[in-house]
Amino acid sequence: MGKCTTITNYPHILHGADYNPDQWMEHPEIIEEDMRMMKLAGCNVMSIGIFAWATLEPEEGRYDFSFLDFIMDKLNENGIKAILATPSGARPAWMAKKYPEVLRVNEMRQRNLFGARHNHCYTSPVYQQKTAEINRRLAERYKNHPALLMWHISNEYGGECHCPLCQAAFREWLKEKYHNDLDELNYQWWTKFWSHTYTDWEQIESPSPIGEMKLHGLTLDWKRFVTYQTGKFIENEIAPLREITPDVPVTTNFMRFFDGLDYFKLCKLIDVVSWDSYPEWHRSEGCVEAAQTTAIMHDMHRSMKGQPFMLMESTPSLPNWHEINKLKRPGMHILSSIQAVAHGSDTVQYFQWRKSRGSSEKFHGAVVDHCGHENTRVFREVAQLGEILGKLDEVAGTFTPAEAAIIFDWENWWALDSAECLELHNKRYIEAIHRHYAPFWEMSVNVDVIDSETNFSKYKLIIAPMLYMAKPGVEEKIERFVAGGGTFVSTYFSGVVNENDLCYLGGTPCGKLKEVFGIWAEEIDTLYPEENNSVTFNGKEYTAEHFCELIHANEAETLGKYDSDFYKGMSAVTKNTYGKGAAYYIAFCDDGAFTKDFYSRLIKDLKIGRALEADLPYGVTAHVREENGQRFVFVGNYNDEPAELELGDTKYFDVTNGNEIFGMVQLDGYGVKILKAE
Amino acid sequence: MGKCTTITNYPHILHGADYNPDQWMEHPEIIEEDMRMMKLAGCNVMSIGIFAWATLEPEEGRYDFSFLDFIMDKLNENGIKAILATPSGARPAWMAKKYPEVLRVNEMRQRNLFGARHNHCYTSPVYQQKTAEINRRLAERYKNHPALLMWHISNEYGGECHCPLCQAAFREWLKEKYHNDLDELNYQWWTKFWSHTYTDWEQIESPSPIGEMKLHGLTLDWKRFVTYQTGKFIENEIAPLREITPDVPVTTNFMRFFDGLDYFKLCKLIDVVSWDSYPEWHRSEGCVEAAQTTAIMHDMHRSMKGQPFMLMESTPSLPNWHEINKLKRPGMHILSSIQAVAHGSDTVQYFQWRKSRGSSEKFHGAVVDHCGHENTRVFREVAQLGEILGKLDEVAGTFTPAEAAIIFDWENWWALDSAECLELHNKRYIEAIHRHYAPFWEMSVNVDVIDSETNFSKYKLIIAPMLYMAKPGVEEKIERFVAGGGTFVSTYFSGVVNENDLCYLGGTPCGKLKEVFGIWAEEIDTLYPEENNSVTFNGKEYTAEHFCELIHANEAETLGKYDSDFYKGMSAVTKNTYGKGAAYYIAFCDDGAFTKDFYSRLIKDLKIGRALEADLPYGVTAHVREENGQRFVFVGNYNDEPAELELGDTKYFDVTNGNEIFGMVQLDGYGVKILKAE
Amino acid sequence: MGKCTTITNYPHILHGADYNPDQWMEHPEIIEEDMRMMKLAGCNVMSIGIFAWATLEPEEGRYDFSFLDFIMDKLNENGIKAILATPSGARPAWMAKKYPEVLRVNEMRQRNLFGARHNHCYTSPVYQQKTAEINRRLAERYKNHPALLMWHISNEYGGECHCPLCQAAFREWLKEKYHNDLDELNYQWWTKFWSHTYTDWEQIESPSPIGEMKLHGLTLDWKRFVTYQTGKFIENEIAPLREITPDVPVTTNFMRFFDGLDYFKLCKLIDVVSWDSYPEWHRSEGCVEAAQTTAIMHDMHRSMKGQPFMLMESTPSLPNWHEINKLKRPGMHILSSIQAVAHGSDTVQYFQWRKSRGSSEKFHGAVVDHCGHENTRVFREVAQLGEILGKLDEVAGTFTPAEAAIIFDWENWWALDSAECLELHNKRYIEAIHRHYAPFWEMSVNVDVIDSETNFSKYKLIIAPMLYMAKPGVEEKIERFVAGGGTFVSTYFSGVVNENDLCYLGGTPCGKLKEVFGIWAEEIDTLYPEENNSVTFNGKEYTAEHFCELIHANEAETLGKYDSDFYKGMSAVTKNTYGKGAAYYIAFCDDGAFTKDFYSRLIKDLKIGRALEADLPYGVTAHVREENGQRFVFVGNYNDEPAELELGDTKYFDVTNGNEIFGMVQLDGYGVKILKAE
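Residues numbered from 1 in each chain as written. Chains lettered and ligands numbered in written order. Predicted model: local features only at pLDDT ≥ 70, side-chain atom pairs only at ≥ 80, totals over all residues. Heavy atoms only, no water.

## Quick look at the overall build of chain A
Piece 1. Scanning chain A from N- to C-terminus turns up 17 helices and 26 strands.
Piece 2. Computed over C-alpha atoms, the radius of gyration of chain A comes to 26 Å, within 12% of the 26 Å expected from 2.2 N^0.38 for 678 residues, which places it in the range of a compact globule.
Piece 3. Taking the principal axes of the C-alpha coordinates as reference, chain A spans close to 75 × 75 × 45 Å.
Piece 4. Counting contacts in chain A only where the partners sit at least 6 residues apart, residues at least 24 apart contribute 72% of the total.
Piece 5. Surface accessibility of chain A: about 21,500 Å² in total, with carbon and sulfur atoms responsible for 49%.
Piece 6. Of the charged side chains in chain A, 68 are positive and 98 negative, and the gap between their average positions amounts to 3 Å. (Helix = DSSP H or I, 4+ residues; strand = E, 2+ residues; numbered from the N terminus. Rg over C-alpha atoms; globule rule 2.2 N^0.38 Å. Contact = heavy atoms within 4.5 Å. Areas by Shrake-Rupley, 256 points an atom, 1.4 Å probe, with all protein chains shown as cover. Lys, Arg positive; Asp, Glu negative; His and termini not counted. Charge placed at Lys NZ, Arg CZ, Asp CG, Glu CD.)

If you want it as structure tokens, here you go:
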């Protein structure tokens with residue numbers, strides 16, 4: 001049962017929350033209530049110590065672990081595991097006052113005051129030393145504590161610092177990257193433009209609104225450096241933990257498509273990927289788009305390490321920082337939590353267990369509200385979910401097989417977003433990812449979300465929307481993948497620049513890709529938002545909007561053509577048979593109708609496995625986890641109305657009640673079924 | 001006739017303007033023209049000396065009162081009184097240059113340059129000393145001048161300073177408030193959150209975008225401190241005046257719902273409340289909403305001291321700083337001026353008498369335009385109003401009786417606006433105040449607008465929309481008020497936090513209020529702007545939008561229920577009989593239709609007195625002032641079309657022409673009638 | 001043939017581009033390709049050396065002209081002329097590092113870091129000296145080079161600096177302007193307002209958001225100073241060039257209605273006006289508005305010196321910095337290039353010859369794309385245009401006659417835009433210019449665009465929309481013009497302030513203009529955007545929107561009246577016969593329908609010459625150039641559909657093919673015809 005060695009060696013799905021008892025130490029009766037209610041809610045884990053530095057080290061060098069000792073013991077007594085955080089997410093006021101260097105300098109070159117969180121310089125030797133020291137003490141103190149399950153490194157890393165220490169570190173990073181050769185840097189950043197040639201490394205400064213914002217190579221390298229430097233900081237945090245508790249796994253919580261950090265790089269430093277999920281459910285247009293967007297995130301965080309991930313934060317009710325903070329409707333909490341498990345999460349965790357009494361997150365939905373008791377709708381739904389999760393021990397640790405993958409590449413995103421062209425302030429990259437992902441969700445097909453540096457060999461089908469940046473080796477990887485029998489789909493504005501945002505010469509897509517796809521892209525037209533064109537494909541007319549590339553099919557076969565404007569009749573969709581595989585090129589931005597039909601056909605042609613072969617009603621999807629012949633199918637209905645689906649003759653067990661299930665199945669509005677194949 | 005002791009001992013309604021002859025001293029013929037035209041316009045008062053510091057003290061320590069001597073005498077010769085201003089609203093350039101400390105430091109911690117107005121540090125000892133000195137000299141010089149009617153302290157106080165002197169003063173204020181106990185401060189600000197515990201008072205800094213913005217307790221205390229420190233500055237200004245001219249009343253001009261200062265605190269420092277009114281009349285949707293919004297302001301400024309107030313500034317024509325500066329239509333000037341009197345103003349004053357020739361307010365509507373003569377539409381209307389006001393001596397000093405009150409609480413507003421929840425950037429508090437006020441305006445009922453610290457005992461009905469913050473004692477005050485026979489109306493999101501924005505534990509509304517209202521509010525749902533729900537009340541369906549609280553009626557009777565969504569059937573309007581009184585709870589945000597019907601019923605049930613018992617056509621309202629058996633009813637028509645109303649058999653005199661008036665009465669578009677009961 | 005002495009002594013229309021071979025020196029084969037392709041494209045000129053400072057002076061005092069020597073020779077060998085740039089548009093990194101004073105200080109008083117372009121202090125002695133030095137060396141080195149055709153001073157001057165050096169220079173400029181008399185400055189800036197009287201020149205600082213923004217006189221003078229100081233910098237740049245190469249003409253490239261600099265002042269410093277044109281063609285509403293807007297710009301840049309101008313930059317394809325970067329449709333490149341020639345340009349030049357490989361302009365449309373070859377749609381259209389331009393030698397140097405002029409005055413614009421009144425953030429001045437210009441374009445009438453300081457005597461008709469600021473002498477000029485037989489059209493909000501934004505006393509329009517127009521403007525009403533009024537003129541009803549002035553016709557005849565609101569029946573259009581001429585006053589802002597009818601009548605009445613007497617279809621226009629009896633008519637069709645027009649019996653030659661042409665003529669969509677009168 002369950003292999004579970006991958007994550008925490010704990011043979012159950014984890015159910016729990018961030019827990020901040022340090023806020024409640026003046027109220028011991030509340031701590032007691034917490035223990036009672038945690039068990040009532042079916043919780044088996046709590047993340048503790050996040051932001052507790054001021055409690056743990058109230059003055060420099062004086063450590064006080066009494067609160068943590070008490071809570072660790074208390075949790076253990078109650079059979080609850082602890083994910084213990086390192087406290088670096090915010091620093092004590094005394095530290096900021098004594099060592100201003102630990103505070104950030106913003107891009108305007110102003111040193112911040114004490115306050116907020118994420119307000120520390122990653123380069124500061126003082127901050128690194130203080131962090132390593134407190135982490136070491138935590139590890140030493142709790143290394144043998146039975147409650148200790150895992151390390152939670154800091155919290156939601158993010159942000160950047162432009163202080164002199166960071167400038168110096170950035171220059172060292174650049175010297176390393178460019179082999180100590182300024183000419184190479186000047187060429188790659190194309191500094192001859194606007195007379196920006198650097199003749200001394202000391203002349204280089206991080207991007208700034210009062211300095212340089214127009215050298216895209218600099219901007220890109222700065223973003224890379226920020227990820228690198230954050231990684232160095234993470235390594236510094238982890239070192240004492242790995243040394244003292246080599247068997248305790250380490251995670252840090254990511255945040256979906258967070259612009260500031262390339263998570264595909266950082267995930268290599270930790271043992272388990274976890275992330276914080278706060279979708280806008282119940283927008284007036286319904287929940288399907290939010291469900292798909294969230295599914296992409298789950299798939300991406302899972303694909304990072306190709307193993308189960310953790311849903312580290314979510315809310316059982318509502319967040320407090322959305323523009324409109326709407327209540328989760330009955331059922332949605334269970335549905336959205338099981339969605340995470342369906343996509344490979346081995347946990348369902350919340351921010352937070354008990355609502356804060358004060359400060360800026362006091363209205364963030366939590367398991368226990370300010371009223372303090374369990375007689376609330378939210379608590380009841382959490383407890384009901386706890387019961388369901390308790391029946392999923394077999395699911396813990398199972399794999400999430402995928403034959404198709406979509407490439408979302410962080411550096412490509414950064415480069416696209418800062419590119420000055422097309423629609424200047426909106427390249428619609430994330431929308432493109434969503435548009436090319438949605439058909440798989442609708443067809444109940446598992447998909448990996450990978451970056452362009454991931455190994456391609458395990459997939460039948462790879463889709464790379466707007467792969468503007470072709471990093472070194474990517475051209476060859478695509479060529480080998482297709483030649484070897486894979487199917488690759490690319491779109492407009494692909495293969496345009498190298499890893500430093502320097503344009504490829506010789507036409508796009510770059511180099512060999514012109515042969516692989518059998519096309520040449522001459523120009524790209526951008527339409528005003530109120531305009532469109534259309535493309536006829538397979539006898540049907542589809543909307544083309546925003547971006548229409550004007551391509552020439554050379555070896556490729558034309559599958560679709562533009563219907564109007566001066567490029568009427570030019571190729572809009574092509575297929576090129578290359579080696580043992582095929583390469584498709586979609587030259588236009590569609591509105592979702594085209595991609596739906598295009599991929600639904602491709603899934604059938606390539607015989608890509610689906611969770612359910614059934615025709616699913618709108619808003620219903622299924623995903624699969626499996627291992628050792630066991631196969632779990634998670635079916636969810638994202639409509640607020642009931643839906644029916646036909647399972648046919650295949651028989652399943654309903655995991656939550658053990659009943660056999662087949663034929664016509666009814667799902668409640670926001671209903672979910674967990675099926676185990678017989 | 002007229003008691004008039006309350007304000008200025010001047011037995012007439014004041015009619016006048018800000019007058020800045022210092023701008024025109026190079027043109028003596030213009031000063032002469034001013035005197036002639038003031039009399040022609042029926043003006044009897046001018047506010048002078050505002051912003052005159054550079055003229056009065058052209059270099060440090062050299063005072064030159066010649067211009068002021070001249071003008072005071074000139075006014076006196078022409079039978080016009082002077083409201084003499086202290087000049088602190090702007091400082092001379094030499095002072096800023098010599099003592100940079102008098103200039104403000106902004107929240108980014110940057111010292112301002114000389115320029116603008118309101119650009120002074122309230123803490124600066126230099127600025128306080130300079131201000132006290134010039135005020136003392138003004139008082140000494142003019143204490144016996146026959147024109148001197150009143151002191152106008154500075155001008156439109158506002159803004160804040162973050163300089164080191166202010167930081168130190170803020171820390172002292174905090175030590176006082178928190179009994180020198182950092183633990184108490186840490187608990188109230190809930191600083192354990194994000195590791196913000198302060199271990200030394202010196203660690204505390206005022207809120208800043210480059211520092212702390214997330215501790216709501218800090219933000220709130222800072223705002224309180226700004227009001228406190230401004231008050232200290234005002235006291236410093238007033239001290240020499242009170243010492244030298246103890247009988248001359250003191251005012252300073254307020255500005256409607258000005259976010260920066262709690263006027264309910266500051267009004268205690270002055271003798272008479274005055275304010276500056278610049279509504280956007282004639283927006284394309286008509287004038288009724290502007291009329292109601294302005295009425296609320298008049299009522300609030302009157303309620304502050306429960307005595308007649310002053311309309312210190314308004315424009316006879318148009319402002320110049322609105323987004324769209326539209327001309328007041330014929331009639332509107334008289335109507336809007338008489339509106340002020342109807343709500344308790346004993347003055348109608350303008351900014352300004354004569355349009356400036358240059359600088360940023362040169363196009364602000366004034367009595368005398370750049371053309372310089374009286375043959376303008378604006379001048380004629382001002383003169384016509386002057387004639388009417390001349391007939392209202394009996395009105396001066398009369399009271400404005402009110403049996404109902406609406407609570408608008410500044411600190412509640414600050415806390416609500418910074419709260420992170422619901423609709424993140426719009427809590428719609430001001431809209432709620434308006435929605436609960438409008439029905440009284442439409443029914444011609446006088447209303448007081450008070451804060452939660454005001455004495456409740458004089459009212460039959462008190463309404464507290466969104467009283468999120470229940471300050472110490474408020475819970476008990478409401479309980480006593482209802483138990484004693486009062487009717488109290490509360491709404492969603494009430495009784496949530498204490499005075500430091502710390503959530504009450506045990507469920508909302510806090511403490512005893514759950515019993516008084518007989519309900520418990522479990523959750524609150526926020527809808528997207530394009531969504532709504534509805535509530536059935538008394539057999540009729542009403543729109544619910546933005547905020548729907550999910551409440552449980554315990555002892556309370558349910559009067560209205562939600563019609564749809566998952567909380568269909570839950571209580572939306574409740575009534576609880578408690579002691580000798582009743583407490584209503586409105587759980588949802590309506591669109592105005594519900595409140596209209598709800599209050600119109602309540603007014604009848606509670607027999608709350610109306611200015612006129614008649615059914616008034618849309619856009620027509622009436623308000624009453626009375627004293628010693630005399631009763632004046634002011635009727636206004638805010639439509640651009642004529643309107644009729646039926647006075648029935650009650651007979652009145654029309655004050656402007658002495659005619660008897662009864663039965664069917666016709667009002668012109670933007671017409672006004674001033675009736676005196678027989 | 002061709003007089004051509006006015007511009008460059010080069011007897012052909014110039015066709016070329018910015019050329020930056022310094023970016024490609026590592027690729028000598030690309031330079032060779034460039035030469036081959038330039039000839040293929042029919043190019044005869046290249047602008048070189050823009051932003052080349054870091055290449056020319058790689059370290060302080062070490063000059064390296066090898067690249068420039070090579071390119072100048074290369075161009076010459078290939079029969080291509082060089083417009084040689086001075087490199088001051090951006091400075092080398094070493095200079096910024098060594099002499100921080102060369103970098104700008106922004107209005108927040110922060111010194112910029114190195115980066116961007118336009119980032120230099122115009123006052124810095126170091127920067128002036130460095131610039132003069134490199135300019136001198138360029139002139140010395142290439143003074144006899146056969147390729148040298150012209151000097152291109154810096155690039156797109158713009159921006160301002162608030163450093164202490166600039167503050168001191170500003171004060172000196174003010175002392176000069178105000179005769180060393182602070183009282184005069186105080187009066188003109190109306191500093192008594194808000195106590196701003198300056199008692200020492202040192203107290204004056206440039207406008208700043210953290211200082212003074214409300215003294216419009218200061219703001220205006222600062223803008224004037226920025227133009228002045230930029231002019232001083234330009235003079236410093238030009239001095240060595242004029243000394244060493246007195247016969248080589250000098251230009252610098254302007255940018256349409258660029259807010260930061262008064263081009264009517266700067267044009268006096270250079271020999272030839274050039275400008276950079278990047279219209280948004282093909283917006284979804286069609287190309288006519290863009291064509292008219294661009295026509296105004298061409299006319300303005302031509303009118304500045306009353307001689308042919310240069311189109312210095314344009315794109316053959318698309319820009320990269322528009323919000324939506326749409327491809328030029330086939331034909332548009334030729335049409336828009338010939339439009340420039342039609343309005344008086346003797347050049348068609350591009351930014352740039354070859355697309356950069358990296359940095360922020362790498363996607364800006366260029367003649368040669370990243371693919372590197374000539375087999376592109378864009379290259380083919382450029383080459384086709386090159387062929388046409390090669391047939392226009394006779395056009396080079398010809399005049400563009402105009403009997404009508406529209407006044408666009410920079411200082412008036414600055415003053416209007418900062419005026420606080422009307423619609424606060426939109427005075428709609430540029431729209432007004434467009435509205436009063438469009439009828440002439442539609443009637444194929446040549447128009448000059450002048451400022452209020454231009455000589456009026458050569459025109460039959462002068463139009464001054466919103467001439468808010470009447471500078472000294474303008475009142476008299478208008479009076480003399482009309483009295484002498486001219487026709488002058490003015491509008492609402494004219495003659496309000498003097499050159500320092502100080503209101504005229506005595507009513508508007510100021511002084512004698514009340515007699516010339518025979519009216520007095522009492523008030524001005526601003527409507528909400530969703531409101532309007534209407535005006536009946538000549539039996540037809542026209543929309544009035546945004547601004548409606550309430551005027552009194554004294555001597556003037558009323559031609560149109562308002563139809564509604566309280567000013568129904570008041571004059572809205574008047575005509576006053578004055579001396580031998582006539583003065584029209586249009587009191588309202590129309591939507592384009594009124595101006596169209598009004599001017600079409602006036603053009604006929606005044607017998608103003610048209611390029612073609614024909615009735616032109618919508619979107620088709622014609623403009624004329626002529627000299628020595630030769631007359632060229634340029635006809636353009638800005639519709640994407642073909643259009644027909646009737647030339648009647650007049651016979652022309654089609655310049656591109658030598659055919660005779662008359663009667664009905666067909667124009668392709670975006671088609672153009674160049675006709676030579678027989």
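That was the structure; now back to the text.
## Considering the side chain of A:K427
Residue and element names in this part refer to chain A.
Piece 1. Examined against the element boundaries, K427 turns out to sit in the loop between α13 (410-418) and α14 (429-442).
Piece 2. Despite its burial, K427 pairs with no opposite charge; the closest candidate is D417, at 6.0 Å N-O.
Piece 3. Here the side chain of K427 touches L424 through a polar contact of 2.9 Å, landing on its backbone oxygen.
Piece 4. Setting aside chain neighbours within four positions, we find K427 in contact with L416, D417, A419, C421, L422, M466 and F547. (Buried < 20%, exposed > 50% of the residue type's maximum accessible area, 1.4 Å probe, protein only. Salt bridge = Lys/Arg side-chain N within 4 Å of Asp/Glu carboxyl O. Polar contact = N/O pair within 3.5 Å; in protein donor to acceptor, adjacent residues only side chain to side chain.)

## Quick look at the side chain of B:N155
Piece 1. By the secondary structure assignment, B:N155 is in the loop between β4 (148-152) and α6 (164-177).
Piece 2. Side-chain polar atoms of B:N155 contact the side chain of B:N253, separated by 2.8 Å.

## Considering the relation of the copies chain A and chain B
Piece 1. Taken as rigid bodies, chain A and chain B are interconverted by a rotation of 120° and an axial shift of 0.0 Å, the fit giving an RMSD of 0.0 Å. Expressed as a symmetry operation, the mapping of one chain copy onto the other fits a three-fold axis. The position closest to the rotation axis in chain A is occupied by the C-alpha of A:Q110, lying 6.2 Å away. (Least-squares fit on C-alpha atoms with pLDDT ≥ 70 in both.)

## Focus: the sheet that holds strand β2 (residues 45-48) of chain A
Residue and element names in this part refer to chain A.
Piece 1. Read from one edge of the open sheet, 8 strands run β7-β6-β5-β4-β3-β2-β1-β8, paired in parallel fashion. Each edge of the open sheet is held by one strand with a lone partner, namely β7 (310-313) and β8 (347-350). Sheet twist, expressed as the mean angle between neighbouring strand axes with direction ignored, is 30°.
Piece 2. With 3 bridges connecting them, strand β6 (residues 272-276) and β7 associate as parallel partners. Along β7, the bridge assignment pairs D276 with E313. (Pairing = 2+ DSSP bridges. Axes fitted to C-alpha atoms, helices over the stretch in contact; angles between N-to-C directions.)

## Topic: helix α5 (residues 125-142) of chain C
Residue and element names in this part refer to chain C.
Piece 1. Over its 18 residues, α5 extends 26 Å from the first C-alpha to the last, a length consistent with the 26 Å expected when each residue adds 1.5 Å.
Piece 2. Among the residues of α5, those classed as buried are V126, Y127, K130, T131, A132, I134, N135, L138, A139 and Y142.
Piece 3. In this fold, the buried residues of α5 make contact with α2 (53-56), α3 (66-77), β3 (81-85), α4 (93-98), β4 (148-152) and α8 (216-244). (Expected span 1.5 Å × (residues − 1).)

## Regarding the packing of aromatic side chains
Piece 1. For the structure on display, the rule yields 161 aromatic pairs over all chains.
Piece 2. Pairing C:F65 with C:Y142 gives two aromatic rings, centres 6.4 Å apart and planes at 75°, and the pair type is edge-to-face. Residue C:F65 is located in the loop between α2 and α3, and its partner C:Y142 is located in helix α5; the two are separated by 77 residues in the primary sequence. Grouping residues by exposure puts C:F65 and C:Y142 together as buried.
Piece 3. These aromatic residues form a ring-pair network of at least three members: A:F254, A:F257, A:F258, A:Y263, A:F264, A:F408, A:W410, A:W413 and A:Y429.
Piece 4. The ring of A:F662 has A:K651 sitting right over it, with the charged end atom 5.4 Å from the ring centre.
Piece 5. The ring of B:F456 has B:K477 lying over it, and the distance from NZ or CZ to the ring centre is 4.0 Å. (Phe/Tyr/Trp six-rings, centres within 6.5 Å; stacked < 30°, edge-to-face > 60°. Lys NZ or Arg CZ within 6 Å of the ring centre and 35° of its normal.)

## Considering the interface of chain A and chain B
Where interface size is quoted, it is often the accessible area lost as the parts come together.
Piece 1. Taken residue by residue, the interface counts 60 residues in chain A and 56 residues in chain B.
Piece 2. Buried area between chain A and chain B, summed over both chains or domains, comes out near 4,900 Å², and the portion from carbon and sulfur atoms is 56%.
Piece 3. Area buried by chain A at its contact with chain B is led by A:L113, A:I324 and A:R357, which between them contribute 15% of it.
Piece 4. Along the contact surface separating chain A from chain B lie 5 salt bridges.
Piece 5. Taking the shortest distance from any N to any O, the salt bridge between B:E531 and A:K326 comes out at 2.6 Å.
Piece 6. If you look at where chain A meets chain B, you find 28 residue pairs in polar contact (both at pLDDT 80 or more).
Piece 7. Contributing elements (two or more residues each) for the side of chain A that touches chain B: α2 (53-56), α4 (93-98) and α12 (377-389) of chain A.
Piece 8. Its residues assigned to classes, the side of chain A that touches chain B shows 23 nonpolar, 21 polar and 16 charged. (Buried area = accessible area lost by both parts, 1.4 Å probe. Nonpolar A, V, L, I, M, F, W, Y, C, P; charged D, E, K, R; others polar.)

## A short note on the pairing of strand β6 (residues 272-276) of chain B
Residues and elements named next belong to chain B.
Piece 1. With 5 of its 5 residues buried, β6 lies for the most part within the structure.
Piece 2. Note that strand β5 (residues 250-254) and β6 share 4 bridges and pair parallel. Bridge assignment links T252 to a residue of β6, and that residue is V273.
Piece 3. Read as a crossover between parallel neighbours, the route from β6 over helix α10 (residues 288-305) to strand β7 (residues 310-313) is right-handed. (Right-handed = clockwise from strand over helix to strand, strands pointing away.)

## Quick notes on the environment of B:D221
All names here are of chain B.
Piece 1. As for its position among the elements, D221 is in helix α8 (residues 216-244).
Piece 2. By relative accessible area, which is 0% here, D221 ends up buried.
Piece 3. A sequence separation of 190 residues divides D221 from E411, and the C-alpha atoms of the two residues are 9.7 Å apart.
Piece 4. Within polar-contact distance, the side chain of D221 engages the side chain of W189 at 2.9 Å.

## A closer look at helix α1 (residues 28-40) of chain A
Working note: α-helix, 3.6 residues per turn, so residues spaced by three or four point in the same direction.
Residue and element names in this part refer to chain A.
Piece 1. Compared with an ideal rise of 1.5 Å per residue, which puts 13 residues at 18 Å, α1 spans 19 Å between its outermost C-alpha atoms and is within 8% of the ideal.
Piece 2. Three or more residues of α1 are buried, namely I30, I31, D34, M35, M37 and M38.
Piece 3. Buried residues in α1 make contact with β1 (14-19), β2, α3 (66-77) and α12.
Piece 4. At the exit of α1 stands G42, carrying a positive phi of roughly 70°.

## So, the packing of α10(B) against helix α14 (residues 429-442) of chain B
All names here are of chain B.
Piece 1. Close contact between α10 and α14 brings their axes to 10 Å; oriented N to C, the two are set at 95°. Looking at the two axes, α10 sits roughly perpendicular to α14. Listed contacts from α14 to V288, E289, A291, Q292, T293, A295, I296 and D299 of α10 are I433, H434, Y437, A438, W441 and E442.
Piece 2. Grouping the amino acids of the contact of α10 with α14 by side-chain chemistry returns 8 nonpolar, 3 polar and 3 charged. (Parallel < 35°, antiparallel > 145°, perpendicular 65-115°, else oblique.)

## Remarks on the interface of chain A and chain C
Piece 1. Counting residues at the interface gives 56 residues for chain A and 60 residues for chain C.
Piece 2. A combined buried area of about 4,900 Å² lies between chain A and chain C, and 56% of that area is made up of carbon and sulfur atoms.
Piece 3. The largest share of the area that chain A buries against chain C comes from A:W190, A:W194 and A:Y528, three residues that together contribute 17% of it.
Piece 4. Where chain A meets chain C, there are 5 salt bridges.
Piece 5. The shortest N-O distance in the salt bridge between A:E523 and C:R377 comes to 2.8 Å.
Piece 6. Here chain A and chain C share 28 residue pairs in polar contact (both at pLDDT 80 or more) between them.

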